[in-house]
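# Structural overview
Read off the chains here:
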Amino acid sequence: MTDPAAPTDPTALLGHLAGHPALADRLGGDPARWSVREIGDGNVNFVYVVRGPNGAVCVKQAPPYVRVAGPSWALTPRRVLFEHRAVVEHRSHAPEFVPRPWYVDAESHLLAVDFLEGHTVMRGELVDGALHPHFAAQAARYLADTLFGTSDLALTAARKRELTAFFETNTAMCQIMEDMVFTEIYLPHPRNRWTSPELDDDVRRLRDDTELKLAVSRLKSRYLSSRDALLHGDLHTGSIMVSADGIAVIDQEFACYGPMGFDIGTLLAHLLIGYFAAGAHGPERTVQRAWLLVAVEEVWEGFRARFAELWRTRAAGDAYPAALFDGADLEPERQRYLDALFTESLGFCGAEILRRVIGFARPDDFTTLKDPATRAAAERRALALARSLVTEPGRYRTAAEVTEAARGGVRGET
């Protein structure tokens, strides 16, 4: 079609899509009257909306590099194949929260899914001070349904091994996470960014902190070795679209089989990042800050309740086979499992906060704070909580204890 190393020419893109019956039916009418517009502002891919009389699709093009860095950072364009498969698998378990996939092209590195009319990126909404009361319950259900549904609790060993084998080859995207979350920020690296010079001493202390680096290395070992469930792999507020009454999860190119706590912890981290950033805006964000902490608690508690329910009612997998436990009460084991998952999730939560403050791809929550001293103060509070979550996650028995620690770290709050 076109040179995959350059943004797609709109005319060529429309001609390409017109040749695929399912997409032509979805868009409808004469392809000559379709419109295309680039809408993406992400770090990795080019993204377009294509509209026709019957509706619209979102088309993602994966160039052979990281979009934000250009050709100097090569990256396999095959990532769209992993994203497509993750969308298919996750949608089979949580269809209300994952856009419908229409088309994937391995040769042109294109993926088309439903365009989410009426939705906006959650991170931008949070930066502007918005609240989404429905978010926590829906995010909890998405997490529980996708993680349970792709785990050994729901799948036969044969089916899970088939999925694991496919996603095991998403090595380039996993390597980015392995490096950026667990390694690079603890070393001098050209991709690292932080509020300098305000946080220079903080960064030096983190890099000299053997206890922290050991705890992070344990988390990295779990990420490298665990195959608990099919993860989204980068579940932050920039990967969630929100509307007046619903959410949709996008950008699954980092999908892999890994520890469930990675997805849970990443999402909790970005709610906490939003909380600390909102605190820098002053009293006008008091309501939003309160809501963000409630959301942290409700995401975990909602996930826990839903996951336990699924285990009680839909446990058809090869883990904990029913034939071994006829009439036995498995509830204590479920709660033990979920207690351990909570602790692990907090560790990954802390690791994600750390890397977003001093590594690559810093979030708009912080970077839109224009005054460096104000921004650094908010980031320092986030770093303090993050270190505690990584090095001593077991001290927090409930999500409310985590939010209390976050609240105590914001000067002037009670």
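Residues numbered from 1 in each chain as written. Predicted model: local features only at pLDDT ≥ 70, side-chain atom pairs only at ≥ 80, totals over all residues. Heavy atoms only, no water.

## Examining helix α10 (residues 260-279)
This is how it is decided: Secondary structure elements follow DSSP: runs of H or I no shorter than four residues count as helices, runs of E no shorter than two count as strands, and numbering proceeds from the N terminus. The span expected for a helix works out to 1.5 Å for each residue beyond the first. Only protein chains enter the accessibility calculation, which uses a 1.4 Å probe; a residue is then buried when its area is under 20% of its type maximum, exposed when over 50%, and partly exposed in between.
With 20 residues, α10 extends 30 Å from end C-alpha to end C-alpha; this agrees with the ideal 28 Å at 1.5 Å per step. Among the 20 residues of α10, 19 are classified as buried, and the element is accordingly described as predominantly covered.

## Comments concerning the sheet that holds strand β8 (residues 120-121)
For the record, the criterion: Here a strand pair is declared whenever DSSP counts at least two bridges between the two strands.
The strand order across the open sheet built from three strands is β8-β10-β11, with neighbouring strands paired in antiparallel fashion. In this open sheet, the two edge strands, each paired with only one partner strand, are β8 and β11 (247-249). The pairing of β8 with strand β10 (residues 240-242) spans two bridges and is antiparallel. Among the inter-strand pairings, Val 121 is bridged to a residue of β10, identified as Met 241.

## A word on the environment of Gly 149
Using the following cut-off: Note on contacts: a residue pair is in contact if any heavy atoms of the two residues lie within 4.5 Å.
Mapped onto the elements of the fold, Gly 149 is located in helix α5 (residues 135-149). With 117 residues separating them along the chain, Gly 149 and Ala 32 place their C-alpha atoms 42 Å apart. Residues within four places of Gly 149 in sequence aside, it is in contact with His 93, Ala 144, Ala 154 and Leu 155.

## Brief notes about α5
The terminal C-alpha atoms of α5, which comprises 15 residues, lie 21 Å apart, in line with the 21 Å expected from a rise of 1.5 Å per residue. α5 sits mainly inside the fold: 13 of its 15 residues count as buried.

## Observations regarding the side chain of Ser 151
What counts, and what does not: We call two N or O atoms a polar contact when they sit within 3.5 Å, provided that within protein one can donate a hydrogen and the other can accept it, with sequence-adjacent residues counted only if both atoms are side-chain atoms.
Tracing the sequence through the fold places Ser 151 in the loop between α5 and α6 (157-167). Only 2.8 Å separates the side chain of Ser 151 from the backbone oxygen of Phe 148, close enough to count as a polar contact. Each residue touching Ser 151, except ones within four places of it in the same chain, is listed here: Lys 160, Asp 228, Ala 229 and Met 260.

## Side note on unusual backbone geometry
Looking along the chain, the bond that leaves Ser 196 and enters Pro 197 is cis, with omega of 10 degrees. Residue His 109 is not a glycine yet carries a positive backbone phi of 60 degrees. Structurally, the position occupied by His 109 is in the loop between β6 (101-105) and β7 (110-114). Of note, the phi angle at Asp 251 is positive, near 60 degrees, even though the residue is not glycine.

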